[in-house]
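Chain and residue survey
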Amino acid sequence: MEILGTIITKVDVDPIKVIEALRNEEIGRNSWVFKEEGSYFKGFEVSAGSHSIEDKALIRKGTFDFVTALDLVKDYLTKKQQP
């Protein structure tokens, strides 16, 4: 027996919040990506008490592209919502 069906579910979510969650899942909160001398990096802050320093870690090009695309979509949606 074969049963085919379509299930439609309406959800009320803010797409910007979804993009932020995906970005945080991929590189962590308060992190950023950048390209330097042909390599791709994730930048982040390391804090110790009242002091903090910026550090970086090597990432794959796919991660860089994915996070950059998420940022572009978020920027577009943010500008679209402004009057």
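In this report, we go over the structure that sits alongside the text.

Calculation criteria
- Residues numbered from 1 in each chain as written.
- Predicted model: local features only at pLDDT ≥ 70, side-chain atom pairs only at ≥ 80, totals over all residues.
- Heavy atoms only, no water.
- Helix = DSSP H or I, 4+ residues; strand = E, 2+ residues; numbered from the N terminus.
- Buried < 20%, exposed > 50% of the residue type's maximum accessible area, 1.4 Å probe, protein only.
- Contact = heavy atoms within 4.5 Å.
- Pairing = 2+ DSSP bridges.
- Axes fitted to C-alpha atoms, helices over the stretch in contact; angles between N-to-C directions.
- Patch = residues over 30% accessible without salt bridge, like charges linked within 9 Å, V, L, I, M, F, W, Y side chains within 5 Å.
- Areas by Shrake-Rupley, 256 points an atom, 1.4 Å probe, with all protein chains shown as cover.
- Salt bridge = Lys/Arg side-chain N within 4 Å of Asp/Glu carboxyl O.
- Phe/Tyr/Trp six-rings, centres within 6.5 Å; stacked < 30°, edge-to-face > 60°.
- Lys NZ or Arg CZ within 6 Å of the ring centre and 35° of its normal.

Moving on to the environment of K42. Among the structural elements, K42 can be located in strand β2 (residues 39-48). Owing to a relative accessible area of 22%, K42 belongs among the partly exposed residues under this scheme. Not counting chain neighbours up to four residues away, the residues in contact with K42 comprise I27, S31, W32, V33, F34, D55, K56, A57 and I59.

So, about the sheet that holds strand β1 (residues 32-36). Spatial strand order, β1-β2-β3: three strands in an open sheet with antiparallel pairing. Two strands close off the open sheet at either side, each with one partner strand: β1 and β3 (51-59). Averaged over all neighbouring strand pairs, the angle between strand axes comes to 35°, with direction disregarded. Where β2 and β3 come together, nine bridges link them in antiparallel fashion. By the bridge assignment for β3, V46 is matched with I53. Along the sheet face, helix α2 (residues 61-81) touches β1, β2 and β3 and points at about 125° away from the line of β1.

Within the secondary structure, K35 sits in strand β1. Taking the relative accessible area as the measure of exposure, K35 reaches 52% and is therefore exposed. Distance in space between the C-alpha atoms of K35 and R60 is 11 Å, their sequence separation being 25 residues.

What follows covers a nonpolar patch on the surface. Taken together, the side chains of V11, V13, V18, L22 and F66 make up a nonpolar region of the molecular surface, amounting to roughly 420 Å² of accessible area. Residue placement: V18 occurs in helix α1 (residues 15-27).

All chains considered together, the criterion is met by two aromatic pairs. For the pair F34 and F41, a centre-to-centre distance of 5.6 Å together with 20° between the ring planes defines the contact as stacked. For F34, a relative accessible area of 21% gives the class partly exposed. In this structure, K56 packs its charged tip against the face of F41, placed 4.6 Å from the ring centre.

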